[in-house]
Structure formats: C-alpha cells, structure tokens
Amino acid sequence: MDFKLSKQHLLQQKLYRDFAEAEIRPIAQEMDETETFSMDLLGKLHKYGLMGIPFSRAYGGSGGDYLGFSLCMEEVSKIDGATGLTMSVHSLACSCIDNFGTEEQKQRFLRPLVDGSKTGCFGLTEPNAGSDAAGQQSKAVLYHDKYTINGTKIFTTNSGFADTFVMFAMTDKSKGIRGISAFLVEKGAPGLAVGPNIRRMGVRASSNCEVSYENVEVPASNRLGKEGDGFKIAMKALDGGRIGIAAQAVGLAQGALNEAVKYAKERKQFGKRISSFQSSQFKIADLQTRIDAARLMTHRAAAARDNGENYSSHAAMAKLFASRMANDVCRECVQLMGGYGYCREYPVERALRDAKITEIYEGTSEVMQMVIAGAMKVF
Amino acid sequence: MKIVVCIKQVPDTSEVKLDSKTGRLMREGVPSIINPDDKSGIEAALRIKEETGGSVAVVSMGPPQADFALREALAMGCDEAYLITAKEFAGSDTFATAKILAGALGKIGFDLIITGRQAIDGDTAQVGPQIAENLNIPQVSYVEDIEVNGCALTVKRQFEDRYHILEVKTPCLLTALSELAPPRYMHVRGTVEAYEKEVQTLGFEDLAGTFDPSCIGLAGSPTSVYKSFGKKPKGAGEMHKNLSADEAVSLIISKMAERHII
Amino acid sequence: MSSDIYVAVEQRDGEIARVSLELIGEAKRLASELGQKAYAMLLGDNIKGKAKELIEYGADGVIFVEDPMLAEYATEPYAKAVSAVINECSPEIVLFGATSIGRDLAPRVAARVGTGLTADCTRLDLDFSNYVEYASKNTNLDTSALAPGDADAGLMQTRPAFGGNIMATILCKTRPQMASVRPGVMKMAERDAARVGEIREMNVGFSPEDMNVAIKEVVRETHKTTDIADAKCLVSGGRGIGGPEFFGKLKELAELLGGDFSSSRANVDAGWAPKDRQVGQTGKTVRPELYLACGISGAIQHVAGMEGSDFIIAINKNEDAAIFEVADLGIVGDVRAIVPKLIEAVAKYKAKAEGIMKGDTDAIQDF
C-alpha cells in the first residue's frame, strides 16, 4: 500500500493549485454574487486541458485518470464550488460517451468535448423524477431513422452555455427503467429551449436551468448504446461522478478550514490570538482529521476506478461521508470566524452554502445509503 | 533555432518566514518553484518556437529533486530536459556554476540560450553573464522583448532610465525579466507526457573535459559564505492605538518638528 | 600587485551616477583602513572632463578610457575596458554599482579576470572589529564565537539573501575581490573642490568586433528619471490607501515636506504606481530622513528596502501589521482620514514657521 501521490499527480496538483489561485480566486466571489459563470474562465479550463482530464489522448483528451480528476476537483473547489460543479457535470456528459459511444460517436461528440472546444451537460432529472429516475416522462419516438424527443428536464447544470446535451428519455414506458434510452442533442436543435437560470442557495455561479424538448428530432445515430441502455449509462456515469463530488466536498471543506485557520492566527480576542486558545486548536485538529479521512476515501475510490476494480460502493461511501463532513466543517468554520465568517466579504459563508448541494446532487445521501447497503447485500 | 533555457529550482521566498525568536529561516513546508524570471524565459522560448519553429531544451543544475522543475517545464511544452547533478558540483558559487553550465551547454548545443535575470533565493544575476563569458558569446541582460529575424534577434533591453533596441546575432545569451513573457500554465496532457519523456542526467563524468575540475564545487569556488544571520529587530518605537485623526496629526507634527523634518 | 580599491564609475549621457559617488566615498573609507588609495575607472566618450568631479568626491586618482564605443553602455566594450584596467593595475578590490549596468558588467568581468564576485552588497568591512561591532549591534550573529584568525579574511561583503529574509557575509579567496553595491546604501563624501589627484588615460586598443551588438535605438524614458533613492523624505502608499487616486494626496503631502512619494510592491503590481516608485527587495533601497508608511502592511521584502531610514512613521488600520515592528512612531488608524488633515496641518505649520522667519509677530504669538 502506498499513500503517496505519484510525482505525476503532484505535478498535476501543482497545476490545479496554481490555476485556481490565479484564475479563479480573484473572480469567485463576483461570479457568486452575479450568479454568472465566467466564459473567460470556461475557455481557460478548456485551454489547459482541465475539462478533459481522465479521457484518452486518442480522442484529444488529457490522458490523465480519475485520481488526477479528483485532485483537480479538490483544488478548484477549495476556491470555488461552482467551478468544481461545472467541471464535474461536463465530465459526466463525457463519460457517458466514453463508456458507451461508438467509435463514430466518440470522434464526433467526445473529441470536441475533451479537446477543449465544446462543453457538455447531462439531463436526467425531471420535475417529477429525481432520485426515482424510473419516473421519466420524457419520451423519444423512433420513426424512419429519427427520434422525436418531447419532455422537460430540470436542474440541468451547464445547460445555459453547453454545446452538447446528453439527455435521457423513455423509448418504452412499459419497461420502466429498462425503457430509458440516452441521446446526444446538439445546441441549436429546433425545439430545444433552455429556460432562465434557477436561483439557488449555493453553487450560484454555475448555470442550472430547465431545458425543454419540443419535437426535437435527432438521427438514430445520436442514440448512445442500445435502446433501453439509458438507465445503465446514467448510473455508470453517476458512479464515477460521485468520486468528483466527494473531491469537491473535500475541497470546499479544506478551503473553508484554510481560511478559518488563517483568520484564527490573525484575529485577537481577549488579548490573545484565537489560534492560541486550546478550544480552537482542538476544534481545528478535529476538522482537519475529518477532511483527511474523506480525502483518503475519495482517493481510494478514484484509484479503484483507475485500476479497473469495482468502485461503486467505494464512491458512494466517499460521497456520503465527504458531503456530510463538508457541511459540518464549513458550518464550524463560520462559527470559528464568528461574525466575519457570516459576512460575504469572507469566502467561508459561500463554502457553507455551496457544501449543502453535495449531499443532494449526483445521488442524495439517501441514495448513497441504498447503494452501499445494496453492495453489502442488506436487503 | 535550438533554444536552451537554463532554470533553477528555488524555494518560494515569499513563503519563507523568519522565526522571530531565533531569527532563523523557517524553510519547512515552503514550496519549491521554478524561479520566476526563468519561467518567463521558458515562455519566451516556447513563443519563439511556436512562431519560427525549432526546439526548446531546458537545463537545470541542482540536486536530484530539481527533476520536478524540469518536468514542469516539459509539461509547459519544452521538448527536452537535462539535469546537471553530481556531488562534485555541490557548493559551487556563481563563478563555478557558470563553468559547469557552460560546459554542459557546449555539449548539448544551442543557437540561443535564455536564462532568467536572477534567482529569487540568491538575487545575484551573475550566472547568465558568466555562462556567456565562458562560452565567449554575446549577452544581453534585462531583456523585455525578443523578435526573431532569421539568425538575428532584435531585443529590448531595459535600464532604469531608458531602454535600448539592440540587434544581436546567434549564438548568444539573453537574460529574461519576468516582464518578458507571462508564463503559461502546464497543460494537463503535458503533465502526463512529462513523465513519459526522459530527463537526461549529466554528471561529473559526462562533462569531463568541458571545464577545469579545480574550478568547481565548494573547493573551486572563489567566494564562500562566511556567516549568515538574521537582523536584530529594531528597538520598538512608540505605538498609539486609540488616537482620533486630529490627535494623530498633532502627534506626527510634533515628532516631525522635534526631528527638524519640518 | 597593489592594494588599492577601484570603483567602476557609471555614467549615462556623460552624467556620473549617484551610486558611483557613493562608492567612491566607501572606497575612500575602506582605503584609509588599508592605508591605500581609492581609484575611479571612468569609461565613456569624451568623458575626461568628469574626472575632476570624481577626485572632488574623494578619489585619489582616476583612470579614464575614452572611445565612441563607450558612449552608450554595451557589455563587451565595457567589459574589455574594465578587464584591461584590472589586469594592468591589479587592484585589491573593485566595486560596481548594483544597477542594470553594473549587474551586467561585473559578472562578465569577474568571469574574464577569473575572480569571485558578490552581488548587491549593503555593507563592506575590512576592519574586523568594525564588522564585529556591526554584527553584535544589529544582527543575531553570535560574535563571541568568531575566530580571531578571521580578521585576515579580507573584504567582508554583507548582503541580503533569500528575498531579504536573511543576511550573509561573503568572503573571496581570489583577487581582486569584486562586489556590486546597492544604490542608496553607502554614504557619499562631501564634495571638496580643493582636492587634487592623478588623472591618467588608458588605451585599451578596441577593434570594431568588440561591438558585438548593434544599438539600433536608445529611448530615454523621462518619467523614469525620478529617483526615490535621492529623496530626503518619502511618503509611501500601500494597499491600505484604497485606490490609485489617493496617491495624489500622498504626492501633495510629499511636496509639502520637500520629498517624493513611493509605493509598496502591491500597488505597483496593481498598476496604481509606476515601477520606479517601488521600495523594497525588487524595487529600490531608500534611506530618507523620514519614511512615512501609509497603509503599508510591511512585508519583509518591503521592510528590507526602507528599514535604513532615519525616522519611520507608520499609519495602518491593522494593529498587527508588521510595519509597526520597524516604525519609530506607529499610529493605528485610517490613513484616508489622517493624511488630508496632515496635509492641512503641515501647510499651516510651514506657513507659521515662514512667518516667524519673516518676523511676523502674529505668527510668533500663535506658535
């Protein structure tokens, strides 16, 4: 067993850290206030290969792995959770094509997404189908080599600026989850409409809209996998996505704790620096310990995936633990900083708001518990 | 054009803190970085390569850990990397370092050598010009802009009160200001490929005959550090925390008057 | 082999750089410790006329080299000339200004004549007891542990290292011992028009190939001519001044005090102030009679460039700011509130003082 990152991963970590400090930190608060993701930042994320980390160089990707991707998610989310989310969902869309696309689909759709030219989004959740994906009401009907798609997706992250929409619709309602299929829809398709940004508590800079499909026609060659593979495609992507969300939670917590520690070393109360009180020291030590535990679980899940092992329950446990941890840690960090922690001038309140969603998206904590219990054969 | 960039791995001195009690440097946990002026030199070299073709090699003399700085340079887009390392080289001052580097550069071959103006740990700005002297080629230091026209370079050379536009022919050596070219980030793909490439190591034996062995290392260096130390904190002055602006102003005025400043 | 001390004098457009006069002052001081002489090397085109000035500032003699190639600075002709003087005169010590010229020239010459070089010195000692006194008074060096034999080590060259975090004293075992010295650090001697000394020309034997770069254009940047190192009083702004427009206020105050304004690195990086205003490790070293630090936190790199000031006043909102550790007078408060009032008060004070000088009785009563 080796708990050290390889030199190559350390080099990547340096890139992610340098990039986040210089490119994201100066604009993170403004992006949150204006609820707008910077297109300039998106361009730079693409330019330096941060949007194609775990994808093959054969398709123009960066040729890294999921451990590298989770290092990136952590470093970026230390500074800004919304940027982490934007990268994570893009990656989710890419992995659907990477896992199930034909060679022709990979060349046509995956390549531009991972070589830095286009951005993807992932549309599964509907107003009436959240954790229960089988409740899909979107429909796709095949006629003469073309599917006609109708339906409405909600909370589609990145949809405000995405070029490629990976979306799920029922091709055979009678088969339940086995009747779901996955489709690739391109921006500008007639009948595809993206609504206004949904106003949220956290990760406010990310684009998150309702997307409606009204008689959107796509060629049959835009279907990923076979008819009925949709649920499998979505679940496999989400299994991997959870590693990224766990890393995002670790980053949010570590970023908040770093701020709180810095503050505690500067701020004096009762004639002493806050950091000199043993109560603060014990609190900080506990928080760091929990962050580190979550980080180890995240790295184990990523390494399992990179080694081709079954990682589903490792990823679920990492996300379950890390997302709860992040909420606790960010809340405690606000408390350590008192009134200033609560102020928007400091980034810790933003981390606390951003952390909440990690317990909800890409599978709620309750869904993670179902996955873990299922893997334990506790029925 | 074959461009060789010399880089140094340095501690990020802006993160170095002094222990106020002992006056010692606290170097623990201080990250090692590519010296900023050198990194600007890498960027300038990559831009020349992108515009006019050729190749960029990167060279560092240092302990084996300097491999990491070379990998970063590869990940930014450099084609080749050389690590110059040997126990015989340890303790070299700038005079001796320049001898070794000049020997290595002669072996590697070059049209243009770029070094940073100075390293942030030593701040001497000496190694670049001394390499040029050892190789008997022209140097231009404090370079803020480079334009390539065949084997002639037009460069902007900065001074305190003026700049020169100079023309210099290759082979030559330029020392880069950090203003020369704000460096790019590594590319993620570059970080992967950096570890698929080989960093070539040049040791004492490899460079035999390129310099006089009595002129290198601790023993061959003309200068040596006699002592290093911290400054004693200046005796505390007076400090006032709760003055109104008007009170503060009168106090400042009286102090200035006392010292005949006004 | 002589034991004399030589200064490579820097001139631009025929004007002697201030740092060279400072170095002549220092060379004279060091030479007196050795019982030897201080010489100036003067290079340029039609430059002989400036030799007398160097004598008046303390040089015992001047060796000048004239050639059209030396009109504007270029590395090779200058390196050739200085190396020729060194080879002929065998000085014990050669000093250069640590400017963009000196820091280009000195290393090239050192490599050519085969000797060591110490960059950016802030202190030079030949007399060991002076060094010990300095070290025990100003540093944490344990001077009781220094070996008595060290007294014969030669020139003790002290310089900041690690971004100003520490100081190091460097020794050189080859001759000449060469050093570049930061501008503003050494004291110029009083000019004495009655001083006389030997002025001698040296022929270097230039060939056209020595000019191995072509100077296509020389662009003088007038806005760069301000030298904050010359100011007797500096009003300096840090991030705490809130915005670039507040430099107007600092400038107004500085002018009233007969000084100039300067800046922290952060403000220069942010584009609030030009680079030549920057005080600190990567900017200039200053030692004015008064340094008024307004909203400057006091990063170690900044402090390294101003702690030699005679009197330091710091105004900062944050009572934990490091600048207070070097300040003679520290005021915890808002510089944006204090400075405008200070301008008024200084103006009023000066008006009154002038009134007194003119014999204005009202002013005397008010005073």
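Residues numbered from 1 in each chain as written. Chains lettered and ligands numbered in written order. Predicted model: local features only at pLDDT ≥ 70, side-chain atom pairs only at ≥ 80, totals over all residues. Heavy atoms only, no water.

Caption draft 1: View of the sheet that holds strand E6 (residues 55–61) of chain B. Within the open sheet, the ten strands sit side by side as E13(B)-E7(B)-E6(B)-E1(B)-E8(B)-E12(B)-E9(B)-E10(B)-E11(B)-E13(C). Their pairing is mixed. Lying at the two open borders of the sheet, with one neighbouring strand each, are strand E13 (199–202) of chain B together with strand E13 (214–220) of chain C. Neighbouring strand axes in the sheet, compared pairwise and without regard to direction, differ in orientation by 30 degrees on average. Two strands pair when backbone bridges link them, and strand E9 (residues 139–149) of chain B and strand E12 (residues 172–176) of chain B are joined in this way by three bridges, in the parallel orientation. Across the sheet, the residue bridging to B:Val140 is B:Leu174, located in E12(B). Along the sheet, helix H2 (residues 67–76) of chain B contacts strand E1 (2–7), E6, strand E7 (80–84) and E13 of chain B; its crossing angle with E7(B), the most-contacted strand, is approximately 165 degrees. (Pairing = 2+ DSSP bridges. Helix = DSSP H or I, 4+ residues; strand = E, 2+ residues; numbered from the N terminus. Axes fitted to C-alpha atoms, helices over the stretch in contact; angles between N-to-C directions. Contact = heavy atoms within 4.5 Å.)

Caption draft 2: Up close: the packing of helix H1 (residues 7–34) of chain A against helix H2 (residues 39–47) of chain A. Residues and elements named next belong to chain A. Contact pair H1 / H2: the axes reach a minimum separation of 11 Å and the direction vectors enclose 155 degrees. Classed by the angle they form, the pair H1 and H2 counts as roughly antiparallel. At the point where H1 passes H2, the crossing takes the left-handed sense. Between H1 and H2, the residues in contact are Phe19, Glu23, Ile24, Ile27 and Met31 and Leu41, Lys44 and Leu45, respectively. Among the residues making up the contact of H1 with H2, the classes are represented as six nonpolar, no polar and two charged. (Parallel < 35°, antiparallel > 145°, perpendicular 65-115°, else oblique. Left-handed = near helix turned anticlockwise from the far one by under 90°. Nonpolar A, V, L, I, M, F, W, Y, C, P; charged D, E, K, R; others polar.)

Caption draft 3: How the structure looks around the sheet that holds strand E17 (residues 311–316) of chain C. Here we have six strands laid out as an open sheet, ordered E15(B)-E18(C)-E17(C)-E16(C)-E14(C)-E15(C), and parallel in their pairing. Edge positions in the sheet fall to strand E15 (238–240) of chain B together with strand E15 (260–263) of chain C, since each has one partner strand and no second. On average, each strand axis in the sheet is tilted by 15 degrees relative to the strand beside it, whichever way the strands run. Alignment of E15(B) against strand E18 (residues 329–332) of chain C, held across three bridges, turns out to be parallel. Within E18(C), the residue paired with B:Met239 across the bridge is C:Gly330. On the sheet, helix H6 (residues 247–256) of chain C packs against strand E14 (233–237), E15 and strand E16 (290–294) of chain C and is oriented at approximately 140 degrees with respect to E15(C).

Caption draft 4: Representation of the interface of chain B and chain A. Counting residues at the interface gives 16 residues for chain B, matched by 23 residues for chain A. Together chain B and chain A conceal approximately 1700 Å² of surface at their shared face, both sides included; 66% is due to carbon and sulfur atoms. When the buried area of chain B at its contact with chain A is split by residue, B:Phe68, B:Tyr185 and B:Val188 rank highest and sum to 40% of it. Seen at the junction of chain B and chain A, the total is three salt bridges. For the salt bridge of A:Arg57 with B:Glu196, the shortest nitrogen-to-oxygen distance reads 2.6 Å. Here chain B is connected to chain A by eight residue pairs in polar contact (both at pLDDT 80 or more). Listing elements by their share of the side of chain B that touches chain A, those giving two or more residues are H2 and helix H5 (188–194) of chain B. The element contributing the most residues to the side of chain B that touches chain A is H5(B), with six residues. A per-class count over the side of chain B that touches chain A returns eight nonpolar, two polar and six charged. (Buried area = accessible area lost by both parts, 1.4 Å probe. Salt bridge = Lys/Arg side-chain N within 4 Å of Asp/Glu carboxyl O. Polar contact = N/O pair within 3.5 Å; in protein donor to acceptor, adjacent residues only side chain to side chain.)

Caption draft 5: Representation of the state of the cysteines within the structure. By the definition in use, this model includes zero disulfides over all chains. In this model A:Cys343 remains outside any disulfide bridge; the closest cysteine sulfur is found in A:Cys333, 16 Å from its own. Cysteine B:Cys172 shares no disulfide, and the gap to the nearest cysteine sulfur, in B:Cys151, comes to 9.7 Å. Given a relative accessible area of 0%, B:Cys172 falls into the buried group. (Disulfide = S-S within 2.5 Å. Buried < 20%, exposed > 50% of the residue type's maximum accessible area, 1.4 Å probe, protein only.)

Caption draft 6: Structural detail: the environment of C:Pro176. All names here are of chain C. By secondary structure assignment, the location of proline 176 is in the loop between strand E10 (166–172) and strand E11 (177–181). Look at proline 176 and you get buried, because its relative accessible area is 5%. As a C-alpha pair, proline 176 and glutamate 289 span 113 residues in sequence and 35 Å in three-dimensional space. Once you skip the residues sitting within four places of it in the chain, proline 176 turns out to touch Ile86, Pro91, Glu92, Ile93, Val94, Thr115 and Gly116.

Caption draft 7: Spotlight on the interface of chain C and chain B. Taken together, the contact between chain C and chain B spans 93 residues of the former and 76 residues of the latter. The largest contributions to the chain C side of the interface with chain B come from C:Arg103, C:Arg108 and C:Phe162, which together make up 10% of the buried area. Connecting chain C to chain B are nine salt bridges. Here C:Asp104 makes a salt bridge to B:Arg157, at a shortest N to O gap of 3.8 Å. Counting the contacts that link chain C with chain B gives 42 residue pairs in polar contact (both at pLDDT 80 or more). Of the residues contributing to the side of chain C that touches chain B, the split by class is 46 nonpolar, 22 polar and 25 charged.

Purely geometric numbers; function is a separate question.
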